[in-house]
Amino acid sequence: MKEEREILSKHVFPLIRQACEEKNVSFYDVDFRWGITDEESAGGQVLLSCLNEIDKCRPFFIGILGQRYGWAQVPGGIPDKRLEITFERAIQSYPWLSHYKDRSITELEMLYGALFYPEMSPYSLFCLRDEKHLESIATSERKHYAAENDSHATMLKNLKTKIISSGLPVFNYTSPKDFGEFCLKNFLDFLGKEFPEGEQKKEKEGQWIRNYYLSSAKRLSGCFVEDIDEGKLLELYYTTKPTSTDSFSATPKNSKSSKYTKVCGPVVVSGDVGTGKTSLLSHFYFIKSTEQLQIDSAGMVKNFFFFHTIEGVDNEITTIIWRLYRDLVQHFDSQNKGKMTGSHHFVPSSSTPEELVTQFPDFVSSITSLYPDIKFSLFLDGIEKLDQQSINFYWLPKTLPVNLCLFLSISSGTEKGLKYENILQTRGWNNFLRLKPLTEERKYQVITKYFSLFGKKLSAPHSNLLAQASHTANPLYLKITMEQIRQNGVHERLTTFISDLLRSAGLESIIEYLITTWERDIGKDLVALALSLITSVPRNGLLEQELIELLKINKLTWSTLCNAIGELLVTTADGIITISNQTFLSVITKRYQPNRSSLLSKLFTYFQGQPQTRRKMELYPFLIEQMKNKSEMEVALRSLNLFRFYYNDRLKWSYFKFWEMVENKSSFCVKVSNEWLLQLEAEKSSSEKDKTVIGSKIIQFLREIGELKHACSLLENILSKKSKSSHSQKESSDEEVDMIPLPTSSDEEVTDLLYLLATLYEKLGRIKQASRVATRCYTIRASLLGKKNEKTAESMWLVALLLKKQGVYEQAIKLFQEALEIAQDKYGRYHPTVSSYMKTIADVHRKMAAFDKAEKLYLSALEICRINVGDDFHPQVGDLYDCLGRVSKKRGNYGQAKEYYVRALGICEAVFGPDHLTVAEICFNYADVERKLCNLDPAEEHYKRSILIREKALGSKHPDVAEAYHSLSLIYKMRGSYKLAEEMVNKSITVIQDAFGDQHVKRGSFLCTLGDILAAGARYQEAEQSYKTALLILEKQLGKEHPEVSEVYDSLGMIAKKTGDYGKAGQYFTLALLIVQKVYGQSHPKVAMYTHNLAQIARKQEKYDDAWELYSSSLKLSSAIYGKEHPEVAKDLNGLGLVLKKRGQYDQSWKMHEKAQRILENSLGAQHELVAVTLNYLAETLRKQGKYGIYDGTEQLYQRALEINQSVFPGERGHPEIAENLNGLATVYKYQTKYEKAEELYKRSINMTETLIGVSHPHTIHRYMNLKDLYERWGLLEKANQIQSLVKNLKVSHVN
């Protein structure tokens, strides 16, 4: 068959390979007659190798027969010893061959490849060459084409008759050219059918993987010996619908005859590595999935099965869930005429892996309720190998639907396995089926069944050796031992061989023993390189052909190697060869300690030279990433095919990681996207619709990678071409920007582009343009699809969001509400979409300060979410707790807010890990509450944690990082670390200004904070200027009655108070109070704060009755909001104490200040500036009573207050509080007649006051008068008169 092989290898296969590459399909041809040397034939490997290859190539097989029968024994002739050896070697693995020793190798290949198992080879083809072909062969050469002898001719004739009568496809041909043309056409027709585009392609891929798992389960089930108790338990769980009231128990419940009860939740098969978990689940899955199908009255199959072993690249939760989505949709669509895909809410619509995973519990709830009479059985094997994203199993419903059976397995003997067991138990899933070591009785059963599969029987003494060894209680250890006995045991020395094997004390030990044996028999370097390559690949494994080429060996050598090391390997559904369990991987890694760098280099060089196949696209970019080869990554990323392969919901996040390696990413991205569009335009094989779809994906990619302007420009060009507008010039919708002419055609495809354009405009801040485009999209969809359609509701939702952005809240809420009603009508009250819509409406109400409405909607959304996904460990639940925390914080209910944030933080840390942006956001909110409660250490800790997470994920120039810096500055200000506080807030202002310009709301807010810090440091003029700049920005952007505007008025009032302008201060405080009362009502913290400030002004103006009433009102409100031990309460107590002092009620005043001091020291620490203020008040109370003596305590109080303030406000410039302390202490010394000390301190106080708040300030004048009084008491009347004249001039100047 030389001509046929040459036509296939030189002409047909290259064309087929090219066609496969266009469909991202890998193609490998396996020729059983190539690469086998005489030496290898003599070794007896030929038949074994060929049959092994047939198994690997299923379900594909091509049989070509000419006029020769093949290598076989000649009846009555001399026995062929080589052929006898070949049969002996092969029979060990294929016992049935013992009945076919008279057949040729060729016939055995035909029998095994297709004729014995036609159901396993649906893609078989036989090509039979006609005898007429011999006429074209030279007479001298015909002997090489004719039958070997008469008996072989007869056997060949019988074989051809059997083939023709089999019903399998047969093609008769005369010339090799006809054969080649037929094979090519047949292959191309097959490719079009089996690897179609779109949904058909997905269906075929799903079918391949399902067949793979069923085949694997059949293989494992073949030698499985079931434990009666384990089998009964799984059968009970499967046959009895679980209910929420049933529990997993081994004690009798209602039946005396059975010790098993019904179970609830999943069954978790648990045990050490090698205890048979996979075999148990595979056996049960195979038995149940191959039982007679149950069909209901409507013709619907009443069972659905899904099996997934978590290995290698198949450990990503998104991969598993995508496969399950696909299988469910395909299974029920095929029976229900598209009912599922016709329902928008059953199809995953997420754009990120996280959303895909978090939507899955809703999907499970929806489909199980849609098909209540169907039993859904899901098998997940090896859940401890799941990726980090899956931790806590929030992707599964906490309460399983009654018609869902979930079977899990976990290796509890590993650290990660134990961790996952604990997590399962925290969900209330305690239904563990813990596998025990094999009993001796069960070992005998396993040994007998295993060897009988191969037509063998182990003698009693040998069986005893195995069964009585303690190590063989581990099923994997026993299986490995039996495999070695079957393959390599020699009868004459079998006892010694078994004893040698059993010297290995455990699983790791026997693996070491086997590897040593393989190195000796096959070659140490070859075994080491093969295992090292498999363990070094970034995506966990290689294809067989890749390994053969990397190892530079032929097929037969690989077959020999694979037969040897196969115990350590597993082949995934995608054909990837990887290490089968963690124990094996650990042994290999320790043994070889592979040089990862050189191995990666070898892999990189190999794949660099491969054609652009699906496999190369799947692995090569990861190798480039590992090698940190930026130039090669740029070459790879230029490929439009690579973009097509990766830009989908499952893979695009890996694709974005590749782009992170590109330098000058922005310009490179623009250049490459333009190249893609030109390539796309030139493609002749793609329809216009396909080109539009890919073009739209390119634009979405540009949007997601941050190239918004370029994406917008490209999309505008596309829409301009589609526009049927008669305008040659662009329309203008407002004074801001020109607008492109928008298409008016009623085309759903156009509406998708309009929707995308609107989202781009929104991202770019072009809100009016976005609103206009979104409105056009909504109008077309409403007309085309109807107002109750999901897509119409989607565009209505976008219009509402844009109205919200523009502050048109009432109209936005009206549209949101309409969309919510559509969702409720479409999906029902408790659907997750309804929950999502409620949350968005609640967000708007919160923005409008309608907190009652917001809280009610958040709680309703939380109720729906809990129904769908359970109470714990789900991001949606965490998000809603976060929202409720925000409402409570805005209301001033800080204790409740803290509780909500703690729950939200715990959930999201568990779900996403500690370094996720969602965690950063909740850390930030939690820190805010701690700051409000004056718990400064935990507040600082959480602000800093938020900054670290955000900087790592977003970079230091992102606005979210600025927000965290700003809040951290508040902590430093509260601690009195003003220099550090100013540094932090200036960082935040710079970031915001660079990002948004100088008129952004956030810049205004941060300028207010800067003013607060400057004022606290007595830099009043700078502070006032900062406040006034902020006021202009905020009034322009938010309106004059916004709560943030009230904060600026309050701050300006503080500056006026500090500089002695009490009338202006009162006006500012009143404006602030009126705004917050209108927005928040009468019971908000800001109401208490501004009331306190007005009380201070009334006291300064000596309106003591008004001051008392205002302080009392603030105290009552602060106590209700914060509790009685909060610094805000202490401030009101101090205010009341000052009023009592002015009234001469010193004892009551002392008690008020003393109580305030205790609260402040407990909450803020003994060295806080507010503690110093209160100490000053206490000292003044004593001084007012004339208590100046050394033992009265006045001096000590002033001295302690001074020391605190000097620590808080270091530097020569000083601070007003330090000046106040100096003044008080000087007065004490004056009455103690320590005039020199008193004079020094008065002068220091006056100099500091003049510098900080002005020469004419009342405080300055008051302190000059204290100095005048000192000089009079001292008898220095001339100096006293000079001070009197100075004060008179200062008063006149102040009045003027």
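Worth saying up front: this structure is predicted, and the values here are computed from it rather than measured. (Residues numbered from 1 in each chain as written. Predicted model: local features only at pLDDT ≥ 70, side-chain atom pairs only at ≥ 80, totals over all residues. Heavy atoms only, no water.)

## Description of the nonpolar core
Reasoning step 1: By size, the foremost hydrophobic cluster in this structure holds 280 residues, and its most contacted members are Ile-515, Tyr-655, Trp-659 and Phe-701.
Reasoning step 2: Contact partners of Trp-659, with chain neighbours within four places excluded, come to Leu-637, Lys-665, Phe-668, Cys-669, Val-672, Trp-676, Phe-701 and Ile-705. (Core = buried A, V, L, I, M, F, W, Y, C linked by side-chain atoms within 4.5 Å. Buried < 20%, exposed > 50% of the residue type's maximum accessible area, 1.4 Å probe, protein only. Contact = heavy atoms within 4.5 Å.)

## Some thoughts on the packing of aromatic side chains
Reasoning step 1: All chains considered together, the criterion is met by 45 aromatic pairs.
Reasoning step 2: Centroid distance Trp-96 to Tyr-112: 5.6 Å. Interplanar angle 20°. Geometry classified as stacked. Residue Trp-96 is located in the loop between helix H4 (81–91) and helix H5 (105–115), and its partner Tyr-112 is located in helix H5; the two are separated by 16 residues in the primary sequence.
Reasoning step 3: Residue classification places Trp-96 among the buried residues on the basis of a relative accessible area of 18%.
Reasoning step 4: Between the aromatic rings of Phe-645 and Tyr-646, the centroid separation amounts to 4.9 Å while the plane-to-plane angle is 80°, which identifies the pairing as edge-to-face. A single burial state applies to Phe-645 and to Tyr-646, both of which are buried.
Reasoning step 5: The structure contains a cluster of three or more aromatic residues connected by ring pairs, namely Phe-622, Phe-643, Phe-645, Tyr-646, Tyr-647, Tyr-655, Phe-656, Phe-658, Trp-659, Phe-668, Trp-676 and Phe-701.
Reasoning step 6: It is Lys-375 that lies over the ring of Tyr-238; its NZ or CZ is 5.4 Å from the centre.
Reasoning step 7: Here the basic side chain of Arg-434 rests over the ring of Phe-432, its NZ or CZ set 4.5 Å away from the ring centre. (Phe/Tyr/Trp six-rings, centres within 6.5 Å; stacked < 30°, edge-to-face > 60°. Helix = DSSP H or I, 4+ residues; strand = E, 2+ residues; numbered from the N terminus. Lys NZ or Arg CZ within 6 Å of the ring centre and 35° of its normal.)

## Focus: unusual backbone geometry
Reasoning step 1: In the Ramachandran plot, Glu-1102 falls in the positive-phi region, its phi being about 65° despite a non-glycine side chain.
Reasoning step 2: Summarising the element assignment, Glu-1102 is placed in the loop between helix H47 (1085–1100) and helix H48 (1104–1122).
Reasoning step 3: Looking at Glu-1102, the relative accessible area reads 58%, which means it is exposed.
Reasoning step 4: With a phi close to 65°, Thr-1233 is a non-glycine residue in the positive phi region.
Reasoning step 5: Considering the arrangement of structural elements, one finds Thr-1233 in the loop between helix H53 (1216–1231) and helix H54 (1235–1253).

## Section: the pairing of strand E4 (residues 267–271)
Reasoning step 1: Of all five residues in E4, five are buried, a share of seventy percent or more.
Reasoning step 2: On E4, burial covers both faces: Val-267, Val-269 and Gly-271 on one face and Val-268 and Ser-270 on the other are all buried.
Reasoning step 3: Pairing of E4 with strand E7 (residues 404–411), which is carried by five bridges, proceeds in the parallel orientation. Bridging from a neighbouring strand, Ser-270 pairs with Ile-410 of E7.
Reasoning step 4: As paired elements, E4 and strand E8 (residues 432–434) share three bridges and run parallel to each other. By the bridge assignment for E8, Val-268 is matched with Phe-432. (Pairing = 2+ DSSP bridges.)

## Observations regarding a positive patch on the surface
Reasoning step 1: On the surface, Lys-1058, Lys-1100, Lys-1142 and Lys-1184 cluster together into a patch of positive charge.
Reasoning step 2: Residue position: Lys-1100 is located in helix H47.
Reasoning step 3: The exposure class assigned to Lys-1100 is partly exposed, which follows from its relative accessible area of 32%. (Patch = residues over 30% accessible without salt bridge, like charges linked within 9 Å, V, L, I, M, F, W, Y side chains within 5 Å. Areas by Shrake-Rupley, 256 points an atom, 1.4 Å probe, with all protein chains shown as cover. Salt bridge = Lys/Arg side-chain N within 4 Å of Asp/Glu carboxyl O. Lys, Arg positive; Asp, Glu negative; His and termini not counted. Charge placed at Lys NZ, Arg CZ, Asp CG, Glu CD.)

## Examining the pairing of strand E3 (residues 170–173)
Reasoning step 1: Residues of E3 alternate between two faces, with Phe-171 and Tyr-173 buried on one and Val-170 and Asn-172 left unburied on the opposite face.
Reasoning step 2: With four bridges connecting them, strand E2 (residues 123–129) and E3 associate as parallel partners. Paired with Arg-129 across the bridge in E3 is Tyr-173.
Reasoning step 3: In this view, the connection linking E2 to its parallel neighbour E3 by way of helix H6 (residues 150–165) has right-handed handedness. (Right-handed = clockwise from strand over helix to strand, strands pointing away.)

## Topic: the confidence of the model for the protein
The predicted coordinates ought not to be read in detail in places where the model reports low pLDDT.
Reasoning step 1: Confidence in the prediction for the protein averages 81 pLDDT; 86% of positions are at 70 or higher.
Reasoning step 2: Across residues 242–263, where pLDDT falls below 50, the model places 42 contacts with residues more than four positions away in sequence or in other chains.
Reasoning step 3: Counted against residues more than four places away or in other chains, residues 337–351, with its pLDDT under 50, gives 38 contacts. (pLDDT = per-residue confidence, 0-100.)

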